[in-house]
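Chain by chain, the residues run as shown.
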Amino acid sequence: MIPRKFASAVIAKLRQGWTQHRSAENAQGRIARGSSTEAVRWCLVGACYAVDQVNPPVAAYQALTTLEAKVGGVAQWNDRGGRTVEEVIALVESCTEPQ
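Reading guide: rules and limits
- Residues numbered from 1 in each chain as written.
- Predicted model: local features only at pLDDT ≥ 70, side-chain atom pairs only at ≥ 80, totals over all residues.
- Heavy atoms only, no water.
- Helix = DSSP H or I, 4+ residues; strand = E, 2+ residues; numbered from the N terminus.
- Buried < 20%, exposed > 50% of the residue type's maximum accessible area, 1.4 Å probe, protein only.
- Polar contact = N/O pair within 3.5 Å; in protein donor to acceptor, adjacent residues only side chain to side chain.
- Contact = heavy atoms within 4.5 Å.
- Core = buried A, V, L, I, M, F, W, Y, C linked by side-chain atoms within 4.5 Å.
- Disulfide = S-S within 2.5 Å.
- Phe/Tyr/Trp six-rings, centres within 6.5 Å; stacked < 30°, edge-to-face > 60°.
- Lys NZ or Arg CZ within 6 Å of the ring centre and 35° of its normal.
- Axes fitted to C-alpha atoms, helices over the stretch in contact; angles between N-to-C directions.
- Parallel < 35°, antiparallel > 145°, perpendicular 65-115°, else oblique.
- Left-handed = near helix turned anticlockwise from the far one by under 90°.

Enquirer: I'd like to hear about the environment of S8, residue by residue, with values.
Expert: Turning to its location among the elements, S8 is positioned in helix α1 (residues 4-16). Using a relative accessible area of 42% as the deciding quantity, one classes S8 as partly exposed. A C-alpha to C-alpha distance of 15 Å links S8 and T66, two positions 58 residues apart in sequence.

Encoded structure:
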């Protein structure tokens, strides 16, 4: 399970802005480093890494491993045509430790 504090931060990033086919992008829709101040939208993988600001990003690895156990390739799942940010957030919530 994903720790609630980490999951909440990932969900906040996704609510701020979500994207597909790249980890993060800036306001002009160009690729951006997920941890940069330019980034305004993140895919699920990018949001996990953007939240985990330590090196190595152990919390991001653990969260992504949990998500992969549920859906397989997280990036591919995020990028599937027709996917919505609501579905992405629901996935994170379904893998979050209970209160």
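What follows picks up the thread again.
Enquirer: Tell me what's going on with the side chain of R83, and back it up with residues and numbers.
Expert: Secondary-structure assignment places R83 in the loop between α4 (74-79) and α5 (85-94). Within the structure, R83 has its side chain in polar contact with the backbone oxygen of W77 (distance 2.8 Å). Residues contacting R83, with those up to four places away along its chain left out, are W18, Q20, W77, N78 and V88.

Enquirer: Go over the nonpolar core with me, naming the residues and quoting the values.
Expert: Ranked by internal contacts, the top residues of the largest apolar core, which has 29 residues, are V10, L14, L44, C48 and L67. Elements that contribute at least two residues to this core include exactly α1, α2 (44-51), α3 (58-71), α4 and α5. If we skip the residues at most four places from it in the chain, L44 touches V10, L14, L67, V74, N78, V88, L91 and V92.

Enquirer: Please set out the state of the cysteines residue by residue, giving values where relevant.
Expert: Here a disulfide denotes one covalent bond, and it connects the sulfur atoms of two cysteines. In total, this model carries zero disulfides according to the counting rule given. With no disulfide of its own, C43 has C48 as its nearest cysteine by sulfur position, at a separation of 8.5 Å. The class of C43 is buried, set by a relative accessible area of 5%. Looking at the unpaired C95, the closest cysteine sulfur is the one in C48, lying at 10 Å.

Enquirer: Give me the lowdown on the packing of aromatic side chains, citing residues and values where you can.
Expert: Within the structure shown, the criterion is met by one aromatic pair. Where Y49 meets Y61, the ring centres are 6.1 Å apart and the plane angle is 80°; that geometry is what we call edge-to-face. With a gap of 12 residues between them, Y49 in helix α2 and Y61 in helix α3 connect regions that are remote in the sequence. Take Y49: its relative accessible area is 34%, and that puts it in the partly exposed class. According to the relative accessible area criterion, Y61 is partly exposed, its value standing at 42%. Stacked on the ring of W77, the Lys or Arg R83 has its end atom at 3.8 Å from the ring centre.

Enquirer: Any chance you could break down the packing of α2 against α3 for me, citing the residues and the numbers?
Expert: In the contact formed by α2 and α3, the axes pass within 9 Å of each other and the chain directions differ by 155°. With respect to α3, the element α2 is oriented roughly antiparallel. In the crossing of α2 with α3, the sense of the turn from one axis to the other is right-handed. Residues L44, V45, C48 and Y49 of α2 pack against A60, Y61, A63, L64 and L67 of α3.

The analysis is restricted to geometry; functional conclusions fall outside its scope.
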